[in-house]
Every structure is written in C-alpha cells, then in structure tokens.
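These are the residues of each chain, in order.
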Amino acid sequence: MTDELHAGRWIEIDGVANMRDLGGLPTVDGGRTAWRRLIRSDNLQDLSPEAVDHLVDSVGVRDIVDLRSETELHLLGDGPLRVLETLQHHHHSLLPDRAFADRVPEPERADTGLGSPWKKYDGRRDARFWADHYLGYLSERPDSVSAALDVIARSEGATIVHCAAGKDRTGTVVAMALSVAGVPDEVIVEDYVLSDERITRILDRLASHPVYGEALKSQPVDDQRPKAASMEAILTSVRDGFGGAEGWLRAQGWSEEQVRTLRRHLREA
C-alpha cells in the first residue's frame, strides 16, 4: 500500500489497537471511498471517555456492528459505547450457535467462536485455514453478513464494524462492503493485510482476557498474521460463485436499489 493511500487511515485513540477508516480508497472507475462512513476495529471494550467523545463528535459514529458471539459479549460485558443513546448497536454474530458452549457453565452457555484465536489449537493456521473460515462465515451465517452490510448502507453517519481482533470476521464483512463500493481486489487485500502492522498489539490485548489468552499462549504470532492469500481466496470464490459481492447480496434477497444504496453511501459524491 502506498504511503499516500495509507496516510491518515489509522484512528489513534485509547483502548483499541486496530481501528482505521476505510475512506480514501480508489475505485475501479476512478472514484474514491468516502471518509467517516465505514470504520473497522478490534474490540471496543476499553475505550476511554476521550476516545468515545472523539468517535461520536469528530468521526460521526452513529452505528456499531458487533460481530462477536453471544459468549464473548456475556463474558466481557458491556463496553462504554453501550450507554450512549445517540448510537445504534447491532449484534450480528458470524459464529454458529453454541460453538463454544463448554467455555462457560450452564445455564450461561451461549454462542462463541469458530476459527477464532481461542479455538483448540491443531497446529495449522495457514492462509488456507483462514480462507476456509472466512468462506464459512459467508455460507453458514449469510444472514449476519447481509444484516451487517444493511446497517452500513442505512446509517446516517459512520458505522464501526468490529469483532475481537478486527481482522478476520471484520475483514470478511469489510471486504464485501468495499467490493460493492468498487474498490479493486488488490486494494481490498492490501487493507486486510494492513492489520499485520498491529498484530503484536492486537494479540497483547486479547491475551489479557482468559477467553482468548489461554489458547493464544500455544500459538505462534505468525499463525495469526493476516495473509494476502486468504483474502484473495475469498474474493475469487465470491466472484466465481456469484459474480462478485453484488451478486452474493442479490442471492441473499437484496434488490438492485439496496445494492446501489450501499455503494452510494460508501463512495464520495
């Protein structure tokens, strides 16, 4: 990614390690994505009061899309943005029901993570491993992916899409949104890989909580690095199967006008 394209996209505030604005990206027809429309991030649990004010007042955040599981929400509790009545919170888990029910005692069991850093380590976290999980999000939870993209399209301001690390579940939804906006595949891949610049900080945050930390102790950092081949495989699969992200959304029941609304919202006028 060129320095010009990269400049100004990281949002440097207290309490997150991997937040950036998806504005300023080129589109295939010579346009650009709009700033302060789509923000990607890791967990928002630790935001300081000053960080909250910045996101609401300066960035213009109006909607939060939380892609984490019910179990993650249950164990971590509400974050500081939850108390703000000016924000709309939307929970759309990309993980199957009760996938991690054994992590909490009955009757508190709920949904949690498939392909997440805390899943039992089997010694394989290569590019194909992550690509398979990203494709699983699209095939197993198309309802949540579609709903997350609908929130982005309808927002009256900026939408933050986040999960725990801000690279896998978030990366999948963001890639679909950017593809609809007309961002070239190679730029979508570059944005996905950009999380590697913060991978140590991301994992340090996750390691501080037992939901993620115990499993991460057994995994090399390189296993968690975003790999270009993973995102390339997703974009290729969606194109081969549906003609691209727009075709995938139409297969989920979206109208042409809904697709255009998402595209218009993400692009500069």
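Keep in mind the model is a prediction, meaning the values are calculated, not measured.

Draft legend 1. Here's a closer look at a negative patch on the surface. A cluster of acidic residues, Asp14, Glu50, Asp53 and Asp57, forms a negative patch at the surface. Residue placement: Asp14 occurs in the loop between α1 (3-6) and β1 (20-21). Given the relative accessible area of 52%, Asp14 is considered exposed.

Draft legend 2. Representation of the nonpolar core. If you look at the biggest cluster of nonpolar residues, it comprises 47 residues, and the most contacted ones within it are Leu67, Leu149, Ile152, Met231, Leu249 and Leu262. Within the residue set of this core, elements represented by two or more residues are α4 (127-140), α5 (142-154), α6 (169-181), α7 (185-193), α11 (228-242), α12 (245-251) and α13 (256-266). The dominant element in this core, judged by the number of residues it contributes, is α6, at eight residues. Every residue in contact with Leu149, bar those within four places of it in the chain, is listed here: Val173, Met176, Ala177, Leu249, Trp254 and Leu262.

Draft legend 3. Structural view of the pattern of salt bridges. This structure, assessed with the given rule, holds 21 salt bridges. Between Arg205 and Asp42 there is a salt bridge, with the nearest N and O atoms lying 2.9 Å from each other. On the criterion of sequence distance, the pair formed by Arg205 in helix α8 (residues 199-207) and Asp42 in the loop between β2 (38-41) and α2 (49-59) is long-range, its members being 163 residues apart. Between Asp222 and Arg225 there is a salt bridge; the shortest N-O distance is 2.7 Å. Asp222 gets classed as partly exposed once you look at its relative accessible area, which sits at 49%. Arg225 sits in the partly exposed class, given a relative accessible area of 27%. Linked by salt bridges that have partners in common, Arg9, Arg20, Arg40 and Asp191 make up one network.

Draft legend 4. A look at α13. Val259, Leu262, His265 and Leu266 are the residues of α13 that are buried. The buried residues of α13 all sit within an arc of 130° when viewed along its axis, so they share a single face. On its buried face, α13 sits against β2, α5, α6 and α12.

Draft legend 5. View of the side chain of Arg68. For Arg68, the position within the fold is in the loop between β3 (61-66) and α3 (70-76). The residues contacting Arg68, other than those within four sequence positions of it, are Asn43, Gln45, Leu73, Leu76, His91, Ser93, His162, Cys163, Ala164 and Arg169.

Draft legend 6. Inspection of the packing of α4 against α11 at higher detail. Running from N to C, α4 and α11 point in directions that differ by 40°, and their axes come no closer than 8 Å. Viewed along their axes, α4 and α11 adopt a mutual orientation that is oblique. Seen along the crossing, α4 lies across α11 with a hand that is right-handed. The residues of α11 that touch α4, namely those facing Ala127, Arg128, Trp130, Ala131, Tyr134, Leu135 and Leu138, are Ala229, Ser230, Ala233, Ile234, Ser237 and Val238.

About the thresholds
- Residues numbered from 1 in each chain as written.
- Predicted model: local features only at pLDDT ≥ 70, side-chain atom pairs only at ≥ 80, totals over all residues.
- Heavy atoms only, no water.
- Patch = residues over 30% accessible without salt bridge, like charges linked within 9 Å, V, L, I, M, F, W, Y side chains within 5 Å.
- Areas by Shrake-Rupley, 256 points an atom, 1.4 Å probe, with all protein chains shown as cover.
- Salt bridge = Lys/Arg side-chain N within 4 Å of Asp/Glu carboxyl O.
- Lys, Arg positive; Asp, Glu negative; His and termini not counted.
- Charge placed at Lys NZ, Arg CZ, Asp CG, Glu CD.
- Helix = DSSP H or I, 4+ residues; strand = E, 2+ residues; numbered from the N terminus.
- Buried < 20%, exposed > 50% of the residue type's maximum accessible area, 1.4 Å probe, protein only.
- Core = buried A, V, L, I, M, F, W, Y, C linked by side-chain atoms within 4.5 Å.
- Contact = heavy atoms within 4.5 Å.
- Arc of directions from axis to C-beta.
- Axes fitted to C-alpha atoms, helices over the stretch in contact; angles between N-to-C directions.
- Parallel < 35°, antiparallel > 145°, perpendicular 65-115°, else oblique.
- Left-handed = near helix turned anticlockwise from the far one by under 90°.

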